[in-house]
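Structure assessment
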Amino acid sequence: MASTFRLQIIAPDRIFYDDEVEMVAVSTQDGGLGVLARHIPLVAPLVIGRVKIKKGGQSKEAAISEGFIQVKRGYTRVITDSAEWPEEIDVERAEAAKKRAEELLRSRKSHVDIMRAEAALQRAIIRLRVANRL
Ligand code: ATP
């Protein structure tokens, strides 16, 4: 049996996940990061993306926003601005958010507006992908 470690995923409104797992994979600013038991300790900033979790030979995934991953001996913690399982994703809401962000980007407002719209677009795209709608 594969070695396990404790994974906690913390969102502002809830402890999204807290269990022993075999593997977690996230998207960091430097690219994909897969963590198995006995991974070297590290802290890395996360980009909007999917988190993949392997437990008992089964995989599942969720959409997450920006945040951090902290890998310690026997324990990994992900802290993120938002997290949703596929079945929790409101597809209509994500489609509306995607449309709003695309319209904002087309209107070419200030620098800050563009960065915010790009992040909103990215969150919507990831939610739609995780919900299997893109
Ligand atoms: P919106 O413009 O629709 O609010 P957003 O990307 O600005 O989208 P966030 O600020 O990332 O939303 O998230 C706020 C809260 O709403 C979080 O708890 C997040 O999990 C939840 N949330 C956002 N979009 C969806 C969605 N499409 N389905 C389910 N929950 C969502």
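The model shown is predicted, which means the values in this text are computed figures rather than measured ones.

Quick word on the environment of Val47
Among the secondary structure elements, Val47 is positioned in the loop between β5 (42-46) and β6 (49-55). Remark: the alpha-carbon pair of Val47 and Arg6, spanning 41 residues in sequence, is separated by 22 Å. Other than its neighbours up to four places away in sequence, Val47 contacts Ser27, Thr28, Gln29, Ser65 and Glu66.

Section: the site of the ligand
Close to the ligand lie Asp13, Ser82, Glu84, Glu88, Ile89, Asp90, Arg93, Ala94, Arg100, Arg123 and Arg127. Note that an oxygen atom of the ligand is positioned 2.5 Å from one of the side-chain N or O atoms of Glu84. Contact between the ligand and Arg93: an oxygen atom at 2.8 Å from a side-chain N or O atom of the residue. Taking 590 Å² as the accessible area of the ligand by itself, protein coverage stands at 68%. When residues of the shell around the ligand are traced back to their parent elements, those giving at least two are α1 (91-107) and α2 (111-130). At three residues, the largest contribution of residues to the shell around the ligand is made by α1. Tallied by class, the residues present in the shell around the ligand amount to two nonpolar, one polar and eight charged.

Thresholds applied
Residues numbered from 1 in each chain as written. Predicted model: local features only at pLDDT ≥ 70, side-chain atom pairs only at ≥ 80, totals over all residues. Heavy atoms only, no water. Helix = DSSP H or I, 4+ residues; strand = E, 2+ residues; numbered from the N terminus. Contact = heavy atoms within 4.5 Å. Near = heavy atom within 4 Å. Polar contact = N/O pair within 3.5 Å; in protein donor to acceptor, adjacent residues only side chain to side chain. Areas by Shrake-Rupley, 256 points an atom, 1.4 Å probe, with all protein chains shown as cover. Nonpolar A, V, L, I, M, F, W, Y, C, P; charged D, E, K, R; others polar.

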